[in-house]
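The primary structure of each chain is shown beneath.
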Amino acid sequence: MRQLRLLLTLRLLTAVWAAKLAGVAIRALGRQGTHTPGLIARKLYPGIIGAVQHPAQVVVVTGTNGKTTVSNLLTEALLGEGLRVASNRIGSNLAAGIATTLIGAVTWTGKSRADIAVLEMDERSAKLVLPDLLPDVLVCMNLTRDSIKRNAHPAYIAWILSSAIPASTTLVLNADDLIASSLGAESNPRLYFSVDRLPTDENSPRGAAVDVAICPVCDHALDWDYWRFNHIGKVYCPACGFRAPDAGYRARDVDVASGRLTLELDGESRSAHLINDSIVNIYNEVAVAAVLDRLAIPRDRIVAAFEHLAPPTTRFALEVIGAVELVRILTKGLVGVACSRAFEYLSGFVGRKAIVLNIDEVSERVTEVENTAWTYDADYEYLAGDSLAQVVVGGVRRYDQALRLAIAGVDPARILTVESEVAGADRVDLDGIDDVFNLHSVHNAVITGTPVQKRLRERLEERK
Amino acid sequence: MSRVLTIEMLFPEVANLHGDNFNITYLGQCRPDARIVRTRLTETPAFVTGAVDLVYLGPLTEHGQLKAIERLLPHKDRIEALIEAGTTFLFTHNALEVLGARIRNDEMDYDVAGVGVFELESTLRMFGRYNGKVMGTVPTVDAAHPVLGYKSQFSMVTAPESLPGFLTADRGIGRNTTTAVEGVRRGNFIGTSLIGPLLVVNPHFTRALLAQLDPDSEPTLAHESFALNAYEARLADFHDNRRWHPFERVQHESKQPNHP
């Protein structure tokens, strides 16, 4: 028995050393090496995520939207507490990336040198990660529609997660998302976060991707105390009395002008700095507060942390040139829900608008034919209206995009199709325009988004 | 002289995945005079008590499939009678499986009987989602304009060869990886796993469907030029051999591929 244990320890250390050496070699080549070391370690020791020594506490952050930001904010806050934090915030969120992070947090003799791990996890990796990792806390920000080809639908992702969540893990869940808030088993300790009704909320849902519509108890149509987007909001069943869970951690009285909000922390109200006024980041802030409270960080220090924490703001940029606002928005193609949020944001601009739209995915362009079904999961309807003077659509799937816009109610006379993605920047009519939008996807950000932005900027400068 | 078409969407609150309900949105824009009835899970379908020109059911979650079976099972005889009488049905993606004999899902631990209108059996592999393209001709449209569509599904379907398909795939797979026969066509019933949405990405097929629904009026396509241009661009891509992966071919039983 002792010999077997010794063999296992040697095998574990071999995997740790191999991963560490691989990391050193990869970094010497100028790359980050956040995935391959873990991949090697998992080949040598498939159970390494469970076998390697963990920090005293392990927090996993998952969900469709916000997991990267929340992982970053949590890591920053805990570092601010003087803790040694193991985090995969600059690397892979798959099983291999998590293995890399855990191995990076132990010494060459396998001893943990971190106080806490904050691990962002891709939802689909749950089965490979959670049963061995046995996290103390798992945060799920939300589960909304993602890639049709990869993620199918939110209930599928919820099933994957629930199948893998250990019974002992404390769940920190979004009470405004009935799919995410239903994760886990009855045995899991759980706490909920939410954002109270906002002035922009509505009383009933609309749009293509509403995944909560019927009561899980009696199938009757649900009603909404407030509806925010997709299936996010607070539901109840008028027939049987079912209600979404009440949250102990809530954001309320959001005041954008003063940059403040009130955080309800399990019965105690605290005024805090609003880290960002987008709804997604309000959820991120209250979720971070809930986790820090669960980790027994003093509440004064939780609130104080928000004074200097800031989410990354890489998804949009606004510059004013003359009298015109030039707005660049990363609009993640293949994910209808993400596009809906970009379109909704754009619709909030009250001036006369022109859009250069290039949101096909390069990744599907060369050896594939992009499955454009995702465009019908996106609410292009936000773009319809008199304030839209013109939309110029470029790229391989431009006619699909034009058709989608027309079906959404955009006047076909205001839709211009051009073969080249970049040429839209020259073809868009800027006369009388207050806001010009450059919408591009992830993989064409550099080849399309950047040159379009440059050309639009030049044209606007010339008109000053 | 056109007449008012009645289109019934079954359970749109749960049968709404993959943007496929835009099949009916688009059809409604082609026929703005159409009456679209949206029947909730807890309501009795309109086709049970009255005349409906088209009955539509779209993609469901796995749980949603079971709910739809539960709600449609009491109306099995009526569905069969309507199919026999020539009523048009369009069931897309996994909605067709609801009318089959059996749905088996080992990973989610159930094996249930379907409504039983067709001799179909569906097997779901929750960690083996199939993604691919399909191109094939249908009898209602000339061969120069094949139906194009996409598969993105957990299920593979088996059925007797005697059950006619919606189409036979020239490229891509059919009901499963070993056959080119895709979906089901019986009378004016069409069941297909193809998404796109089907009626949006196939204007020639949609025109034929409109003519079938109302033979006395000239079918008109909404946003016709965009629709036709999008179809032609997609057709050119589908004819490009470089864009077809090996797993998108019909396989011999003995060497089925692992789906990416």
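Sequence order as written defines residue numbering, which begins from 1 separately in each chain. Chain letters start at A and ligand numbers start at 1, both assigned in the order the entries are written. With the structure being a predicted model, the display of local features is reserved for residues of pLDDT at least 70 and the display and counting of side-chain atom pairs for 80 or more, all residues being used for whole-chain, interface and lining totals. Side-chain measures here rest on the full set of heavy atoms in the structure, leaving out hydrogens and waters.

Novice: Quick question: what am I supposed to make of the overall build of chain A here?
Specialist: The secondary structure content of chain A amounts to 14 helices and 17 strands. For this measure, only C-alpha atoms enter the radius of gyration; the expected value for a globule follows 2.2 Å times N^0.38, where N is the number of residues. Here chain A has a C-alpha radius of gyration of 24 Å; the compact-globule value for 464 residues is 23 Å, and the two agree. Buried residues are those whose accessible area, probed at 1.4 Å on protein chains only, stays under 20% of the maximum for their type, while exposed residues exceed 50% and partly exposed ones sit between those limits. Considering chain A as a whole, with its 464 residues, one finds that 57% of them fall into the buried category. The contact criterion used throughout is that any non-hydrogen atoms of two residues lie within 4.5 Å. Pairs at least 24 residues apart make up 68% of the contacts formed inside chain A by residues separated by at least 6 positions. Within the structure as shown, chain A displays about 18300 Å² of accessible surface, and the carbon and sulfur contribution to it stands at 53%. Helix and strand assignments follow DSSP, with helices taken as H or I runs no shorter than four residues and strands as E runs no shorter than two, numbered in order from the N terminus. With residues, only the protein chains shown are counted as cover, and all accessible areas are computed by Shrake-Rupley using a 1.4 Å probe.

Novice: What am I meant to see in the overall build of chain B here?
Specialist: Broken down by element type, chain B carries 8 helices and 14 strands. Dimensions of chain B, computed from the C-alpha atoms along their principal axes, are close to 55 × 45 × 30 Å. Within chain B, buried positions represent 61% of all 260 residues. Counting only contacts in chain B whose residues sit at least 6 apart along the sequence, the fraction spanning at least 24 positions is 70%. Between the mean site of the 25 positive side-chain charges and the mean site of the 31 negative ones, chain B shows a separation of 3 Å. Asp and Glu count as negative and Lys and Arg as positive, but His and the ends of the chain are not part of the count. To locate a charge, the coordinates of NZ of Lys, CZ of Arg, CG of Asp or CD of Glu are taken.

Novice: Help me understand the interface of chain B and chain A in this model?
Specialist: Chain B puts 44 residues into the contact, and the matching count from chain A is 42 residues. For the pairing of chain B and chain A, the buried interface totals around 3600 Å² over both sides, and the portion due to carbon and sulfur atoms is 62%. Here the quantity called buried area is the total loss of accessible area, with a 1.4 Å probe, experienced by two parts when brought into contact, counted for both. When the buried surface of chain B facing chain A is broken down by residue, Phe 22, Phe 226 and Arg 243 of chain B rank first, second and third, together holding 18% of it. Should a side-chain nitrogen of Lys or Arg be within 4 Å of a carboxyl oxygen of Asp or Glu, the pair is scored as a salt bridge. Where chain B packs against chain A, one counts 5 salt bridges. Between Lys 67 of chain B and Asp 219 of chain A there is a salt bridge, with its nearest N and O atoms 3.0 Å apart. Nitrogen and oxygen atoms within 3.5 Å of one another constitute a polar contact, given that in protein one can donate a hydrogen and the other can accept it, and given that sequence-neighbouring residues count only through two side-chain atoms. Here chain B and chain A share 16 residue pairs in polar contact (both at pLDDT 80 or more) between them. At the level of secondary structure, the elements contributing two or more residues to the side of chain B that touches chain A comprise helix H1 (22-30), helix H3 (62-72), strand E8 (130-137), strand E9 (147-153) and helix H8 (224-238) of chain B. Of all the elements, H8 of chain B adds the most residues to the side of chain B that touches chain A, at 8 residues. Only Asp, Glu, Lys and Arg are considered charged in this grouping, and only Ala, Val, Leu, Ile, Met, Phe, Trp, Tyr, Cys and Pro are considered nonpolar; every other residue, Gly among them, is considered polar. For the side of chain B that touches chain A, the residue count by class is 18 nonpolar, 13 polar and 13 charged.

Novice: What's the story with the nonpolar core in this structure? I'm lost.
Specialist: Across soluble globular proteins, nonpolar side chains have a tendency to be buried as a group. In this structure, Ile 48 of chain A together with Leu 72 and Phe 118 of chain B are the most contacted members of the largest nonpolar core, which totals 92 residues. With 7 residues, the top contributor of residues to this core is helix H8 (residues 154-164) of chain A. Not counting chain neighbours up to four residues away, the residues in contact with Leu 72 of chain B comprise Leu 10, Phe 11, Pro 45, Phe 47, Leu 57, Ile 79, Val 98, Leu 99 and Val 115 of chain B. The definition of a nonpolar core used throughout is a set of buried Ala, Val, Leu, Ile, Met, Phe, Trp, Tyr and Cys residues joined through side-chain atoms within 4.5 Å. Leu 346, Val 393 and Phe 437 of chain A together with Phe 166 of chain B belong to the second-largest nonpolar core, a separate cluster that totals 75 residues.

Novice: Please explain empty space enclosed by the protein as it appears in this structure.
Specialist: A water-sized probe rolled over the atoms picks out the places where empty space is left. Residues and elements named next belong to chain B. The pocket and cavity definitions rest on a 1 Å grid over protein atoms only: a 1.4 Å probe that fits but cannot leave marks a cavity, an open set with protein on both sides within 12 Å along at least five of seven lines marks a pocket, and residues lining either have an atom within 4 Å of a point. Grid points are joined across faces, edges and corners, and a volume is the space filled by probe spheres set on the points. Evaluation of the coordinates by the stated rule reveals 6 cavities of 30 Å³ or more. Approximately 80 Å³ is the volume found for the largest cavity. Taken together, 15 residues line the largest cavity, and the ones lying closest to its centre are Glu 62, His 93, Asn 94, Arg 129 and Phe 154. Looking at the lining of the largest cavity residue by residue, the class counts come to 5 nonpolar, 7 polar and 3 charged.

Novice: Which parts of the structure should I look at to understand the environment of Gly 91 of chain A?
Specialist: All names here are of chain A. With respect to the helices and strands, Gly 91 occurs in the loop between strand E2 (85-87) and helix H5 (95-104). According to the relative accessible area criterion, Gly 91 is partly exposed, its value standing at 27%. Sequence separation of Gly 91 and Val 106 is 15 residues, and the distance between their C-alpha atoms is 17 Å.

Novice: What's the story with the layout of surface pockets in this structure? I'm lost.
Specialist: Taken as a whole, the second largest pocket holds about 960 Å³ of empty space. Listing elements by their share of the lining of the second largest pocket, those giving two or more residues are H8 of chain A together with H3 of chain B. Considering only residue class, the lining of the second largest pocket consists of 19 nonpolar, 7 polar and 5 charged.

Novice: Please clarify how the pattern of salt bridges should be interpreted in this entry.
Specialist: Any two side chains of opposite charge can pair, on the condition that their charged atoms come close. In the structure shown here, the tally under the stated rule is 49 salt bridges over all chains. Residues Glu 224 of chain B and Arg 207 of chain B are paired through a salt bridge, measuring 3.1 Å at the closest nitrogen-oxygen approach. Of this pair, Glu 224 of chain B sits in helix H8 while Arg 207 of chain B sits in helix H7 (residues 203-213), and the two are 17 residues apart along the sequence. Under the relative-accessibility criterion, Glu 224 of chain B is labelled partly exposed at 31%. For Asp 237 of chain B, the salt bridge is made with Arg 243 of chain B, and the minimal N-O distance between the two is 3.6 Å. The pair Asp 237 of chain B / Arg 243 of chain B is uniform in exposure class, with both members buried. Sharing partners across several salt bridges, the network here consists of Arg 397 and Asp 400 of chain A together with Arg 234, Asp 237, Asp 240, Arg 242 and Arg 243 of chain B.

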